Amino acid sequence: MSLMQLFFRLMLDPARPLPRNVRKKDERGFTLTELMVVIFIIGLLATVVMINVLPSQDRAMVTKAKADIATLETALEQYRLDNLSYPASGDGLNALKVAPPALAQPERYRRGGYIKQLPQDPWGRPYNYQAPGANGAAFDIWSFGADGTPGGTDDNADIHGGEG
């Protein structure tokens, strides 16, 4: 049997399986109506998830701000233990990374600083610092919340730490 005869026999053999791109007559695809129903259901589920997840994100941002403030307060306490006072308001929180130029005893400043990187609040703004703080506190650290302005309620409320 020649190569050509073998080729024709394989091509014309009825027992040979059909190529994948040829459909049988009883196979059907999805109708447009079925696809629209599925898309509607997916949209409905996505809406329910969004309604339940977005408020959690707002609470998580406030919780992150409080955790950042607690970390900064701890670093400020370590700074005070080494340098016998808190950084001045003019030096700000940057004094936790780099020794302030007006430091009375620069040799007491911890090599590498007291914090690796100053965090920003969850809304992308720096935390505020004041020493001495209000109401007799040694210092205050706060974020203005989501709106970035003093005061506010709910997500826009100012976020204060435990004050030093």
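Above this note sits the structure.
What you are looking at is a predicted structure, and each value in this text was computed from that prediction instead of being measured.

This brings us to the packing of aromatic side chains. Note on aromatic pairs: each is described by the distance of the centres and the angle between the planes. Tallied over the entire structure, the rule returns six aromatic pairs. Summarising the aromatic geometry, the rings of Tyr79 and Tyr114 are spaced 5.5 Å apart at their centres and angled 65° between planes, so their arrangement reads as edge-to-face. Here the residue Tyr79 occupies a position in helix H2 (residues 32–83), and Tyr114 occupies one in the loop between H2 and strand S1 (128–130), the gap between them amounting to 35 residues. Judged by relative accessible area, which is 7%, Tyr114 ranks as buried. What links up through ring pairs into an aromatic cluster is the set Tyr79, Tyr109 and Tyr114.

Moving on, we get to H2. Taking 1.5 Å as the rise per residue, H2 with 52 residues should run 76 Å; its terminal C-alpha atoms sit 73 Å apart, in good agreement. Every buried residue belonging to H2 is among Met61, Ala65, Asp68, Ile69, Leu72, Glu73, Ala75, Leu76, Tyr79 and Asn83, and all of these are buried. Where H2 is buried, its residues meet S1, strand S2 (140–143) and strand S3 (159–160). Following H2 by one or two positions, Leu84 adopts a phi angle in the positive range, close to 70°.

Of the two faces of S2, the one carrying Asp140 and Trp142 and the one carrying Ile141 and Ser143 are both buried. As defined by bridge partners, S1 adjoins S2 across three bridges and the pair is classed as antiparallel. Paired with Tyr129 across the strands is Ile141, a residue of S2. Of the strand pairs in this sheet, S2 and S3 are connected by two bridges, and their pairing is antiparallel. The partner of Ser143 across the bridge, within S3, is Ile159.

About the criteria used
- Along each chain, numbering runs from 1 in the same order as the chain's sequence is written.
- Side-chain atom pairs in this predicted model are given and counted only at pLDDT of 80 or more, local residue features only at pLDDT of at least 70, and totals for whole chains, interfaces and linings cover all residues.
- Excluded from the side-chain calculation are hydrogens and water; included are all heavy atoms of the structure.
- Geometry of aromatic contacts follows a simple scheme: Phe, Tyr and Trp rings, the Trp one being its six-membered ring, pair when their centres are within 6.5 Å, and the pair is stacked under 30 degrees between planes, edge-to-face over 60, tilted otherwise.
- Numbered from the N terminus, helices here are DSSP runs of H or I no shorter than four residues, and strands are runs of E no shorter than two.
- Burial here depends on accessible area, computed with a 1.4 Å probe over protein chains only, as a share of the maximum for the residue type. Under 20% is buried, over 50% is exposed, and the range in between is partly exposed.
- Each residue after the first adds 1.5 Å to the expected span of a helix.
- Two residues qualify as a contact provided that any one of their heavy atoms is within 4.5 Å of a heavy atom in the partner residue.
- Strand pairing is assigned whenever DSSP identifies at least 2 bridges connecting the two strands.

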